[in-house]
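Chain by chain, the residues:
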Amino acid sequence: MKKLKINSLISFFSFCFIVAFSSFESVAQNKTSTKTDINFSEKTYVQVLEIAKANHKKIFVDAYATWCAPCKQLQKTTFKDAKAAAYFNKNFINISIDVEKGEGLNLAKTWAIEGLPTLLILNEDGEIIGKHVGYVDGNGLLEFAKEVSSK
């Protein structure tokens, strides 16, 4: 009887250890997988503009609204494309702006945003040098950025 209780306890703790370890491994894999996402700055547009000037980089803007289905699709797929993420994280300061609140309201007017999603590439002075309206996959996003950057 005592042996049965000990074996049950050992089995229980082994099970708990396996579950905990596999959960930890899943969390670790999720953290490493986000390195393939385009990294969007949490800073304000003015701060991003200052960083771009200091680093002589262009700015990539994802102008979106929370209700916009194609915007959500960009976030779920395109911005997680490994090739696009590597290129954008290396060559741009990336910012995602909700055009229906906060600073996004005025920026939408300044940039004359008429459809969503709108993807902009700005020079380090904040001038629009490239604009794409609508959904695009990872390859299309890369083509857009390289075409604009080659001008």
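Definitions and limits used
- Residues numbered from 1 in each chain as written.
- Predicted model: local features only at pLDDT ≥ 70, side-chain atom pairs only at ≥ 80, totals over all residues.
- Heavy atoms only, no water.
- Helix = DSSP H or I, 4+ residues; strand = E, 2+ residues; numbered from the N terminus.
- Buried < 20%, exposed > 50% of the residue type's maximum accessible area, 1.4 Å probe, protein only.
- Contact = heavy atoms within 4.5 Å.
- Phe/Tyr/Trp six-rings, centres within 6.5 Å; stacked < 30°, edge-to-face > 60°.
- Lys NZ or Arg CZ within 6 Å of the ring centre and 35° of its normal.
- Disulfide = S-S within 2.5 Å.
- pLDDT = per-residue confidence, 0-100.
- Pairing = 2+ DSSP bridges.
- Salt bridge = Lys/Arg side-chain N within 4 Å of Asp/Glu carboxyl O.
- Polar contact = N/O pair within 3.5 Å; in protein donor to acceptor, adjacent residues only side chain to side chain.

S.K.: What should I look at first to understand the overall build of the protein chain in this one?
M.R.: The number of helices and strands found in the protein chain is six helices and five strands. Each helix and strand of the protein chain, placed in order from N terminus to C terminus, yields the pattern α-β-α-β-α-α-β-α-β-β-α. Looking at the protein chain as a whole, 35% of its 151 residues are labelled buried. For the protein chain, restricting intrachain contacts to residue pairs at least 6 apart in sequence, the fraction spanning at least 24 positions comes to 69%.

S.K.: Would you mind going over unusual backbone geometry with me for this structure?
M.R.: Leaving glycine out, the prevailing phi sign among residues is negative, and the prevailing peptide bond configuration is trans. The omega torsion across L116 and P117 is -10°, close enough to zero to call that bond cis. Summarising the element assignment, P117 is placed in the loop between α5 (103–110) and β4 (118–122). The phi torsion at H56 lies on the positive side, around 50°, for a residue other than glycine. By the element assignment, H56 lies in the loop between α2 (45–55) and β2 (58–64). The exposure class assigned to H56 is exposed, which follows from its relative accessible area of 61%. One non-glycine residue with positive phi stands out, namely A112, at about 50°. For A112, the position within the fold is in the loop between α5 and β4.

S.K.: Just checking my understanding: could you explain the packing of aromatic side chains for this structure?
M.R.: The geometry of two aromatic rings is summed up by the distance between their centres and the angle between their planes. Enumeration over the complete set of coordinates arrives at eight aromatic pairs. The structure contains a cluster of three or more aromatic residues connected by ring pairs, namely F40, F60, F79, Y87, F88 and F92. The side chain of K146 reaches across the aromatic face of Y87, ending 5.3 Å from its centre.

S.K.: Help me understand the state of the cysteines, please; the structure alone is not making it clear to me.
M.R.: Note: disulfide means a covalent bond formed between the sulfur atoms of two cysteine side chains. Using the criterion set out here, one finds one disulfide in the structure. Paired through a disulfide, C68 and C71 show a sulfur-sulfur distance of 2.3 Å. With the S-S bond torsion at 80°, the cross-link from C68 to C71 turns out right-handed. C71 sits in the buried class, given a relative accessible area of 1%.

S.K.: Explain the confidence of the model for the protein chain here, please?
M.R.: When pLDDT is low, close inspection of the predicted coordinates is not appropriate. Looking at the protein chain as a whole, its pLDDT mean stands at 85, while 77% of the residues score no less than 70. Below a pLDDT of 50 lies the segment residues 12–34, which in the model reaches one contact outside its immediate sequence neighbourhood of four places, other chains included.

S.K.: I'm lost on the sheet that holds β2 in this one. Help?
M.R.: Hydrogen bonding along the main chain pairs the strands of a sheet, whether they run parallel or antiparallel. Strand order across the open sheet formed by five strands is β1-β3-β2-β4-β5, with mixed pairing between neighbours. Sheet topology places β1 (40–41) and β5 (128–133) at the edges, where each strand pairs with a single neighbour.

S.K.: I keep staring at the pattern of salt bridges and nothing clicks. Help me out?
M.R.: Pairing between side chains becomes possible if they bear opposite charge and their charged atoms approach one another. Applying the stated criterion across every chain yields a total of one salt bridge. The residue K80 makes a salt bridge to D37 at a minimum N-O spacing of 3.2 Å. Of this pair, K80 sits in the loop between α3 (69–76) and α4 (82–91) while D37 sits in the loop between α1 (2–33) and β1, and the two are 43 residues apart along the sequence. Taking relative accessible area as the criterion, D37 reaches 16% and is therefore assigned buried.

S.K.: Please clarify how the side chain of D37 should be interpreted in this entry.
M.R.: At 3.2 Å, the side chain of D37 forms a polar contact with the side chain of K80. Each residue touching D37, except ones within four places of it in the same chain, is listed here: F79, K80, A85 and N89.

S.K.: Explain the environment of I95 here, please?
M.R.: As for its position among the elements, I95 is in strand β3 (residues 92–98). A relative accessible area of 1% places I95 in the buried class. Here the alpha-carbon distance between I95 and S41, two residues 54 residues apart in the chain, equals 5.2 Å. Residues contacting I95, with those up to four places away along its chain left out, are F40, S41, K43, T44, Y45, V48, I59, F60, V61 and D62.

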